[in-house]
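Next come the chains, spelled out residue by residue.
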Amino acid sequence: MRYLIAIIFSFYSVVLYSQTIESLRDEKQRLLNEIESGNQKLEEYSKMKDTHLSQIALIDQKIVKHNRLVTIYKNELSSYNTQLNILSNQLDSLELSLNKSKDEYAKLIRNYQYSSLNTNILIYLLSANTFNESYRRLLFMRRYKDYHKDHFNTIQQEHSKYIALKENISSKRKQLNTLLSSLEDENEKLQNEHNRRNKLVSNILQNQALVKQQVAQYFKQSQELENRILQLIEEEKKLALANKNKSLGPDIENNKGKLNWPASDFVVVSSFGQHEHPLYPSVTVNNNGVDINLLKSTSVKPIAEGVVSRVIVIPGNNASIIVRHGKSLSVYSNISEVSVKKDDKVTISTELGKVYTGSGLNSRILHFELWIGDTKQNPEEWLSSK
């Protein structure tokens, strides 16, 4: 009974771990596909001007995925080791059972050889005192023969299970060795990505003083832009009270996750909120929106239908266009060629302007923000998946 319970428990344990491995395998394939797509983008962008931040962002994404792959390989190895331990325990139990059955069968054969049954079956039957006794002896002989046969079949079945289990364990060990090799390969790729990133950052920081100046200027301009937006929000609140019937454009509050991106071909190089600066890990960025590196086209369009609320220029910076969507605002900064003016009604096909292209880290970089009321939002939660 204990042996049966152990076998059942081991069976379900193996099934459970097999399902875990299958789930890890699916995630692994998805990550490998995404890494391949990232490789293709990197190859394309490395040939283009002003895409260094995009390349760093893509490498960072690949590093995250490679790290996850390393974790998956380790989890797979752990699962396979657990399975091997379970299967090995099954094999030991089955081997004990098989040896016991063989011993019993050997004993049965020996007893048969030394019994009167093996001497002369006919004499054994005819020596009965009555016909009924002779008939019972015949039935006994048949059952004895069937018992021999059943015992032999049981041994054969257990032996087949034993061989199959050994082959399964051998297969698992081969898979384990393959996984170990994959893990080593993945660790090497991860190190290569880190080296590639360090080399790219080193190239950008050749004129470190200029880069530091540009980073400091970016932080200053971001704070000034936030102050202007907050000032604008207060002004528009007062205007809304004074002109209750004035149209503020259609609202977007019910379109979370459905809004258009302001550009068609880009890479997010700085996400929303606090995080490390891509060039200076010791510097913390507190981004009010997202920064995206526009690649082939520098044209910028609204994320939804609305009304141009302001076109403002911060000294030392390019223009920022603010579009109102009901109670919400979308902000498009680093625009060098402005195509709209205050109070213009715009749709998703309207070109607001073109992003600055020139020298410096902000070349081809669009800074985009989204405000619902007077609260800044994470744009990536509101815009549709790329």
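In every chain, residue numbers begin from 1 and rise along the written sequence. Given that the model is predicted, a residue must reach a pLDDT of at least 70 before its local features are reported, and side-chain atom pairs must reach 80 or more before they are shown or counted; all residues, however, enter totals for whole chains, interfaces and linings. In computing side-chain properties, one takes all heavy atoms of the structure into account and sets aside hydrogens as well as water.

Colleague: Help me get a handle on unusual backbone geometry, residues and values and all.
Modeller: Residue asparagine 334 is not a glycine yet carries a positive backbone phi of 75°. The helix and strand labels rest on DSSP assignments: H or I over at least four residues marks a helix, E over at least two residues marks a strand, and numbering proceeds from the N terminus. Secondary-structure assignment places asparagine 334 in strand β8 (residues 328-338). With a phi angle near 65°, arginine 364 is a residue other than glycine that sits in the positive phi range. Structurally, arginine 364 is set in the loop between β10 (353-355) and β11 (365-372).

Colleague: Explain the side chain of serine 333 to me, using residue names and the numbers behind them.
Modeller: Among the secondary structure elements, serine 333 is positioned in strand β8. Two N or O atoms form a polar contact when they lie within 3.5 Å of each other; inside protein one atom must be a possible hydrogen donor and the other a possible acceptor, and for residues adjacent in sequence the pair counts only when both atoms belong to side chains. Polar contacts involving the side chain of serine 333 include one to the side chain of serine 320, which spans 2.8 Å. We call two residues in contact when some of their heavy atoms are within 4.5 Å. Non-local contacts of serine 333, meaning those with residues more than four positions away in its chain, are made with Leu225, Ala319, Ser320, Ile365, Leu366 and His367.

Colleague: Before we move on, can you summarise the pairing of β8 with the specific residues and values?
Modeller: Burial of β8 is extensive: 8 of the 11 residues sit out of reach of the surface. As paired strands, strand β7 (residues 319-325) and β8 are joined by 7 bridges and run antiparallel to one another. Note on β8: the bridge partner recorded for alanine 319 is isoleucine 335. Criterion used throughout: strands pair if DSSP finds at least two bridges between them. In this structure, the hairpin formed by β7 and β8 is closed by a connection of 2 residues, where glycine 326 is found at a positive phi of approximately 65°. Bridge count between β8 and β11: 6 bridges; the pairing is antiparallel. Bridged to leucine 329 within β11 is tryptophan 371. In terms of strand pairing, β8 meets β10 through 3 bridges, oriented antiparallel. Paired with valine 338 across the strands is glycine 353, a residue of β10. Type-normalised accessible area, obtained with a 1.4 Å probe on protein chains alone, sets the label of each residue: buried when under 20%, exposed when over 50%, and partly exposed for intermediate values.

Colleague: A description of the pattern of salt bridges should follow, citing residues and the corresponding values.
Modeller: Whenever a carboxyl oxygen of Asp or Glu lies within 4 Å of a side-chain nitrogen of Lys or Arg, that contact is scored as a salt bridge. One pass over the structure, following the stated rule, counts 12 salt bridges. Residues glutamate 34 and arginine 30 are paired through a salt bridge, measuring 3.0 Å at the closest nitrogen-oxygen approach. Of this pair, glutamate 34 and arginine 30 both sit in helix α1 (residues 2-45), 4 residues apart, which is roughly one turn of that helix. A salt bridge links lysine 354 to glutamate 351; the nearest nitrogen and oxygen atoms lie 3.7 Å apart. A residue is classified by how much of its surface remains accessible, and lysine 354, at 27% relative accessible area, is partly exposed. On the accessibility criterion, glutamate 351 (30% relative accessible area) is partly exposed.

Colleague: Go over the nonpolar core with me, naming the residues and quoting the values.
Modeller: Considering soluble globular proteins, one finds that nonpolar side chains tend to be buried as a cluster. Counting residues in each nonpolar core, the largest one holds 33 residues, and the members touching the most others are Ile56, Val267 and Leu279. Put simply, the parts of the chain that give this core at least two residues each are α1, α2 (52-114), α4 (131-204) and β1 (266-270). The element that contributes the greatest number of residues to this core is α2, accounting for 13 residues. Setting aside residues no more than four positions away along its own chain, valine 267 makes contact with Tyr45, Ser54, Ala57, Leu58, Asp291, Ile292, Asn293 and Leu295. If you look at the next biggest cluster of nonpolar residues, it comprises 28 residues, including Leu259, Ile292, Val323 and Leu383. Only buried Ala, Val, Leu, Ile, Met, Phe, Trp, Tyr and Cys residues count toward a nonpolar core, and they belong to the same one when joined by side-chain atoms within 4.5 Å.

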